[in-house]
Amino acid sequence: MAGSEEEARYSRQLYVLGGGARRLPESAVLVSGLRGTGAQVATALVLAGTGCVVLHDCGTVCVADRTQQFLLKESDLGQNRAKASQRALAELNPHVVVKAHTGELSEAFLASFKVVVLTESPLEEQLRVGDLCHARGICFIVADTKGLAGQLFCDFGEHFVVDDPAEGDPVSAAVEHISQGNPGVVTHMGTENSHGQLFHDGDLVTFSGVQGMTELNGHVPVAVHVLDAFRLEISDTSSFSPYRCGGLVSQVQQRQECSHKSLCQALAEPKIQVASPEDLPRSRSLHAAFQALHAFRRERGRLPRPRAPADAERLLELARSLRAQQGPLDEDIVRAFATVSAGDLCPVAAVVGALAAQEVLKAITRKFVPLDQWLYFDALECLALAGAAHLTEVDCAPRGSRYDGQIAVFGANFQEKLGHQKYLVVGAGAIGCELLKNFAMMGLAAGPDGELIVTDMDTVALSNLHRQFLYRSADISEPKSVVAAAAVQRMNPDVRVTAHQNQVGPATEMLYGDNFFQRLDGVASALDTIEARTYLERRCLRCRTPLLDSGTEGTRGNVLAMVPSLTEPLRPASAPRDGAFPMCTLRHFPRTIQHTLQWARDEFEGLFQLPAEQVNQFMEDQAFLEQQLPGKVLEQVWESLREQPRDWRDCVRWARRRWQRCYHDAIAQLLHIYPPEHETSPGVPFWAGDRSCPHPLTFNPDNDTHLDYVLAAAHLFAQVHRVPPCRDRAAIQAMLRDVVLPPFAPQEGLQIPLTEEPTEEVQVPTGEEYRIPVPPDHRQLTELTQDLVQWRQELVGDEDTQAPLMEPIHFEKDNDVHIDFITAASNLRAENYGISPAKWQKSKRIAGRIVPAIITTTAAVAGLACLELYKLVWGCQELGCYRNSNISLSACLLLRVQPPPAHTYRYGGREWSCWDRLELRAVGADGQAMTVQEVLDWLQRIHGWTVTMLLCGDTVLYDSKADAETRARQQAQRLSESLEDARMPQQQDLELLYMCEGEDAEAEDSRPPLLCSLP
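Here is what the cut-offs are and how they apply
- Residues numbered from 1 in each chain as written.
- Predicted model: local features only at pLDDT ≥ 70, side-chain atom pairs only at ≥ 80, totals over all residues.
- Heavy atoms only, no water.
- Buried < 20%, exposed > 50% of the residue type's maximum accessible area, 1.4 Å probe, protein only.
- Helix = DSSP H or I, 4+ residues; strand = E, 2+ residues; numbered from the N terminus.
- Pairing = 2+ DSSP bridges.
- Contact = heavy atoms within 4.5 Å.
- Phe/Tyr/Trp six-rings, centres within 6.5 Å; stacked < 30°, edge-to-face > 60°.
- Lys NZ or Arg CZ within 6 Å of the ring centre and 35° of its normal.
- Axes fitted to C-alpha atoms, helices over the stretch in contact; angles between N-to-C directions.
- Parallel < 35°, antiparallel > 145°, perpendicular 65-115°, else oblique.
- Left-handed = near helix turned anticlockwise from the far one by under 90°.
- Nonpolar A, V, L, I, M, F, W, Y, C, P; charged D, E, K, R; others polar.

Engineer: Outline the pairing of strand β31 (residues 955-959), listing residues and values.
Structural biologist: Across the 5 residues of β31, 4 count as buried, placing the element largely inside the fold. Bridge analysis of strand β30 (residues 947-952) against β31 gives 4 bridges, and the strand direction is antiparallel. Looking at the pairing, Cys952 lines up with Thr955 of β31. As consecutive antiparallel partners, β30 and β31 are separated by 2 residues, and within that stretch Gly953 has a phi angle of approximately 65°, a positive value.

Next comes the structure, spelled out in structure tokens:
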């Protein structure tokens, strides 16, 4: 059954953190240092629902803090940083206690915390607090950022146990066969979305639903040895009964113990985690650079001045002395680090703060393996940008501005460039919120001619609040883009931000056409569907507009930069075919809980949406009966009208009958056609391999799942027919005890399809597929039509009377009653076939196709995207400066690689880039749109190509193989007239496809597009 309001708030996060999330409300965390990194850590923990977050900072707010500290307002200047941040954080989540502490970090004070996080702390304090935490078993984290680099350290003690190391659900697979032997060999099937092997050597597995070799059901977990993608060796099965059919083999998650050294030990003997061995020398040099920075600060009482060569050389000397016994030092890395170490960048703080916050969540929930033990991050490639390398101390000196931390890295002129930018953010969800927050801190579009447009069609929902930083409870049901734009304005009133509530897609190309995209400096994609991301990529490719594409799933995320003429255009992964299971698998032979959940989704649509839509159309449209195929739809409408309930009791009876049809009668009919002993051929059992023999259920009103089904189904049926529902379980149980149904009588002569062809047809409600097909009888059809017409007349009466319409219900993943029905319907179906049931939350995730999400991943991804934006603003045309990023916070891995270069191809005797296009201002001498012949002449005159076919979409504008009369008509038509004849919407910009004489077969998809601008 549905959970609490808090579960609704954190539902997407629960799919990431699992059962360990229940420890969050009971935990207390200290975050020391409330500048950019500390603010990011604290914000993520408050949004995630940590019970108590205590903020510690003895400093006061200054103007430069606002480069990266997004919690502060101008009115907070001069106040204590922790207290000012506490006021802002307390608004984020009413379930979290947020306190401020400005005193000493004493041993007595630290003892009450589960996790302690230090940011902006001197090394002496890190060592003192680290030793105290290590001795007391308190998880200890250091997170620090300086300029374009960041450092992360974790010490979770010498015996930290991870309850659940892996991301996602344990792997399960349907069993096809199990041999009797020592060892036994299990042959299993792959899953619909699996690639490669599912299990690994040493995995522990359990079995359920096995028929024949029942000794394995409930057996203690056994270790496997993987033979290949579909075969596993297990323990001795030689004494077990022969395997017959069915069963599920499921992975068992194993605990893992980690051992960490204290900070004092780990400084001298660092274990540094890297994405690849090639990154280790760089990280070791950064390890020395951060220690040298502490020494420099002790020596000078300040950080190195930006772009001051003497300060950089002194820090390098200190690093050399530290690295003397630890191997070679990359001096260029240390110098680059030193020259910008006084800088503060919001994107870097976002990345490192998000990584640190995820480690805090690991410490509390014991979900995922913690960092072991150091991680270094840098974006020092930004200093290789043309112009950035030649900045001077004067260029980067403080101006008394909120952007001084950014000016220290990129200079004052670059800050002015940022203000002039025109950007579009598509999507104001989790990633969109983090991008907009960063943009406000960076000052993007904060100049007099800057422009920041954010568009999103959605409204704020409760389930958004745990990861979408810009929204509060009071904003629920308000337009996301409007609320987000207002939040940006509060953080930085100078940003010129505009909110739109439109989808960016084919339907809005009149608003977001070529001219719109071509005037932008860039687009940031924060979309959550492959289709929408692909469309936006195509628009930016066509208009040569830079695009930053970001995406997340759970703790994994990526950022892709698409730079005109420089990088390969983006190629998002193809969209999964949700629910495209073979229909006979769903109806008759389910093997997994995914099958039964999709069957339940289809049931929902077939019972509570489609019938009501058909009846409404029948009542409203006089021509409805004439438009339908004979018999089928008319019978469905008749059945829906005949089943109309008079009261709640009728709804309960209907649900009880539905239960009987689905979970007893349909299964009994299937077993009548194919009995358990049925053979496809002599000696070959029908119920074997991927077919599990089902068994009918017997209704019991005292069974919670049976009652859950009836209650949810009756509630939805009542809603469809506008009957007031009742939630009294005891009263419903009493009603059900009085319901008497006729005994099941099998039908003879029925057949069911056994093919495994996928289909996207709507599921026929269970039981309907067993009806004997009867050819439509003309007389019966006429009588049915007449009866329906008369019924409508009786219901409608006078023409002025409004017809009593039914209420179609569309499935909503955040509606608890909908998920109640799906969960109960699926689990009953699973019980029929011996499949392990799924809990309410898992059913919601799978049936609702919910993508797991958490604030830490979205914050890190947005930070990485903004680092690429810096390069776009510079106008960088060096491929080696850009980075595509992939992160996995569960493993604390961050991989940043150079994007692939733009590919080239040959066409028409010359080489073209994938970014090249032919641009034609398609205006004739008379000022009107060009004719098709004028376009053909232009291609012949400019490029020497003789066109054999010209198309706009699927519309043929010219075909050289047509007869002479047709060709003459095509050539004389204007482009605008061709669109009218094809009933295509009028467009100012057209993309035409052409084919020319002499093309080879490989040229089919490799030719520069022809873009025509109409008058």
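Engineer: Residues and numbers for the environment of Leu520, please.
Structural biologist: Position of Leu520 among the secondary structure elements: in the loop between α16 (514-518) and β20 (522-525). Leu520 sits 23 residues away from Cys543 along the chain, and the two C-alpha atoms are 9.7 Å apart. Ignoring sequence-local partners within four residues, the contact set of Leu520 consists of Lys422, Tyr423, Leu424 and Thr545.

Engineer: I'd love a proper account of unusual backbone geometry, names of residues and values included.
Structural biologist: Look at the link from Asn182 to Pro183: it is a cis peptide, with omega at 5°. Considering the arrangement of structural elements, one finds Pro183 in the loop between β8 (172-178) and β9 (185-188). Cis geometry is adopted by the peptide bond preceding Gln373, which originates at Asp372 and carries an omega value of -20°. Positive phi, close to 65°, is recorded for Ala445, a residue that is not glycine. With respect to the helices and strands, the residue Ala445 is situated in the loop between α14 (430-442) and β18 (451-455).

Engineer: Account for the sheet that holds strand β12 (residues 225-228), with residues named and values stated.
Structural biologist: If you trace the 7 strands from one edge of the open sheet to the other, you get β11-β10-β14-β8-β9-β13-β12, paired in antiparallel fashion. Lying at the two open borders of the sheet, with one neighbouring strand each, are β11 (222-223) and β12. Examined bridge by bridge, β8 and strand β14 (residues 248-252) share 3 bridges and lie antiparallel to one another. Counted as the bridge partner of Ala174 is Leu248 from β14.

Engineer: With reference to specific residues and values, describe the packing of aromatic side chains.
Structural biologist: Given two aromatic rings, one states the distance between the centres and the angle between the planes to describe the pair. Here the structure, examined in full by the defined rule, presents 34 aromatic pairs. When the ring of Phe290 is compared with that of Phe337, the centres are 4.9 Å apart and the planes differ by 50°; the resulting orientation is tilted. One end of the pair, Phe290, is in helix α8 (residues 280-300); the other, Phe337, is in helix α10 (residues 331-340), with 47 residues separating them in the sequence. Just as Phe290 is buried, Phe337 falls in that class too. A centroid spacing of 6.0 Å and a plane angle of 10° characterise the contact between Trp374 and Tyr376, whose relative ring orientation is stacked. The exposure classification of Trp374 matches that of Tyr376, with both residues buried. Directly above the aromatic system of Tyr15 lies the positively charged group of Arg845, at a separation of 5.9 Å from the ring centroid. The ring centre of Trp912 lies 3.6 Å from the NZ or CZ of Arg910, which sits over that ring.

Engineer: Got a sec to walk through the environment of Thr43? Specific residues and values, please.
Structural biologist: By the secondary structure assignment, Thr43 is in helix α3 (residues 36-48). Along the primary structure Thr43 and Arg467 are separated by 424 residues, whereas in three dimensions their C-alpha atoms are 9.6 Å apart.

Engineer: With reference to specific residues and values, describe the packing of helix α19 (residues 593-608) against helix α28 (residues 840-847).
Structural biologist: When two helices pack together, their arrangement is given by the angle between the helix axes and by the axis-to-axis distance. The N-to-C vectors of α19 and α28 enclose an angle of 70°; their axes lie 10 Å apart at closest approach. Here α19 lies roughly perpendicular to α28, going by the angle between them. On the side of α19, the interface is formed by Ile593, Gln594, Leu597 and Arg601, while α28 contributes Lys842, Ser843, Ile846 and Ala847.

Engineer: Go over the environment of Leu132, please, and point to the residues and values.
Structural biologist: Locating Leu132 in the fold gives a position in helix α6 (residues 123-136). With a relative accessible area of 19%, Leu132 lands in the buried category. For Leu132 and Ala111, which are 21 residues apart along the polypeptide, the C-alpha to C-alpha distance reads 8.8 Å. Non-local contacts of Leu132, meaning those with residues more than four positions away in its chain, are made with Glu107 and Leu110.

Engineer: Explain the packing of helix α24 (residues 704-720) against helix α27 (residues 816-832) to me, using residue names and the numbers behind them.
Structural biologist: Contact geometry of α24 with α27 gives a least axis separation of 8 Å together with a crossing angle of 135°. One finds that α24 runs oblique with respect to α27. Handedness of the α24/α27 crossing: left-handed. Contacts from Thr705, His706, Asp708, Tyr709, Ala712, Ala713, His715 and Leu716 of α24 reach α27 at Val817, His818, Asp820, Phe821, Ala824, Ala825, Asn827, Leu828 and Glu831. For the contact of α24 with α27, the class distribution of residues is 9 nonpolar, 5 polar and 3 charged.

Purely spatial values, then, with no claim about function.
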